[in-house]
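Listed below are the residues making up each chain.
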Amino acid sequence: MPTSFNETIIEEFRANGGEVGGPFAGGDLLLLTTTGARSGIERTTPLGYVRHGELILLVGSNLGAPSHPAWYHNLLAHPVVRVEIGTSVFQALAVPAEGERRDELFAHAVESAPGYGDYQARTDRVLPVVVLERADPDGWRPGEVRTLADKVMEVHTWLRGQLRQVAAEADAHFAERATHQGPGEPPAPGLGLQIRQRCLAFCQALEFHHTSEDGHLFPGIARYHPDLGDTFARLDAEHRTVARIQAALVELLAGIAIAEPGSFRVELARMSAELNAHLDYEEETIVPLLADVPWPPAPPANAS
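Position numbers for residues start from 1 in each chain and track the written sequence from start to end. Given that this is a predicted model, residues contribute local features only at a pLDDT of at least 70 and side-chain atom pairs are listed and counted only at 80 or more, while totals for whole chains, interfaces and linings are drawn from all residues. Hydrogens and waters are ignored; side-chain quantities use all the structure's heavy atoms.

**Things to note about empty space enclosed by the protein**
Site definitions follow a grid-based scheme: protein atoms alone, a 1 Å grid, a 1.4 Å probe that fits but cannot get out for cavities, and for pockets an open set with protein on both sides within 12 Å along at least five of seven lines, plus lining residues having an atom within 4 Å of a point. Grid points are joined across faces, edges and corners, and a volume is the space filled by probe spheres set on the points. Under the defined criterion, the tally for this structure stands at one cavity of 30 Å³ or more. Roughly 40 Å³ of volume is contained in the largest cavity. Lining the largest cavity are Leu-159, Phe-202, Leu-206, Val-242, Leu-275, His-278 and Leu-279. Among the elements of the structure, α6 (192-224) and α8 (261-285) are those that each provide at least two residues to the lining of the largest cavity. To qualify as a helix, a DSSP run of H or I must reach at least 4 residues; to qualify as a strand, a run of E must reach at least 2; elements of each kind are numbered from the N terminus. Counting residues per element, the lining of the largest cavity draws most heavily on α8, at three residues. Residues belonging to the lining of the largest cavity are distributed by class as follows: six nonpolar, one polar and no charged. In this count, Pro and Cys sit with the nonpolar residues alongside Ala, Val, Leu, Ile, Met, Phe, Trp and Tyr, while Asp, Glu, Lys and Arg are called charged and the others, Gly among them, polar.

In structure tokens form, the structure reads like this:
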């Protein structure tokens, strides 16, 4: 089967530390790996990017076509993406800019790469500008992971950080609303999509974490610790409760534009406390059992 143009660029990029020739020679190029909105399959796309201070910007130009590119639809469904720049590979949270911020960032993109202005002139749709933020909140970086206990704690630390970030961004939203002066409705918030993407990333990570626990981790531990039957029964019940809290959290954040700040903060704090209590219980009862289990797991020995 012939190799596609994108596949050729991807192979050249990875073989040469991010350097490619032809029409992309000398340009700022990265590889963006998204998860298919419908298929759930990972897709890697070579894309030009623009730096704005410490920000990395992507423009959903699609060469001026009337519809957004597939990678944009994918990141709206699965906000955590993988980014390759040069030899650096990292996870990022993909957040489309909104309102005035989008316009300011697009103007900067056009100044850096005028072709984006030409693409905008070809279509009636507003070209989206996506900011790639580090997926690790609060400046946190993963530490060394040697055991399965370390791995679970790494996931828990990431989840706690995401919850704190959601709360901080909600506070920033309410602060923005409070600055509105004069008659009429306040302007649409510029943090709606940012909060949505952060919440979606948290919920998807938590769901994957619990699916892995229920499907693999907990049954394996239960075989060696039949005395923990009550613990696993409680965790199973808690996972169902957490799933309901996740759904309620998404609903709560979807209504942030019209929410009363005091009530919103109380409800968000209540949900966060329940989610953190669940993580606390896992850390108290399960994590100590994993301290001697190496991570990553050793490959299976070849059968003789």
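**Let's talk about α8**
Between its terminal C-alpha atoms α8 stretches 36 Å, which fits the 36 Å expected from 25 residues at 1.5 Å a residue. Each residue is assigned to one of three classes by its accessible area relative to the maximum for its type, calculated with a 1.4 Å probe on protein chains only: buried under 20%, partly exposed between the two thresholds, exposed over 50%. Among the residues making up α8, those that are buried are Phe-264, Leu-268, Met-271, Ser-272, Leu-275, His-278, Leu-279, Tyr-281, Glu-282, Glu-283 and Thr-285. Throughout this description, a polar contact denotes any pair of N or O atoms lying within 3.5 Å of each other; where both atoms belong to protein, one of them has to be capable of donating a hydrogen while the other can accept it, and for residues adjacent in sequence the pair is counted only when both atoms sit in side chains. In this structure Glu-260 caps α8, since a side-chain oxygen of it lies 3.1 Å from the backbone nitrogen of Gly-262. Helices are assigned an expected span. That span is 1.5 Å times one less than the residue count.

**Quick notes on the nonpolar core**
With 26 residues, the main nonpolar core has Phe-202, Leu-249, Leu-253, Phe-264, Leu-268 and Leu-275 as its most contacted residues. Among the elements of the structure, β6 (88-96), α5 (148-178), α6, α7 (229-254) and α8 are those that each provide at least two residues to this core. Note on contacts: a residue pair qualifies if any of its non-hydrogen atoms lie within 4.5 Å across the two residues. If we ignore the near neighbours within four places in the chain, the residues touching Phe-202 are Trp-158, Leu-159, Gln-162, Leu-163, Leu-249 and Leu-275. Working definition of a nonpolar core: buried Ala, Val, Leu, Ile, Met, Phe, Trp, Tyr and Cys residues. They are joined through side-chain atoms within 4.5 Å.

**Concerning the pairing of strand β5 (residues 80-85)**
The pairing of strand β1 (residues 29-35) with β5 spans three bridges and is antiparallel. In the strand pairing of β5, Leu-31 is matched with Glu-84. Pairing between two strands requires that DSSP report at least two bridges joining them. When β5 meets β6, the two strands line up antiparallel, connected through six bridges. Residue pairing in the sheet places Arg-82 in a bridge with Gln-91 of β6.

That's the geometry; what it means functionally is another story.
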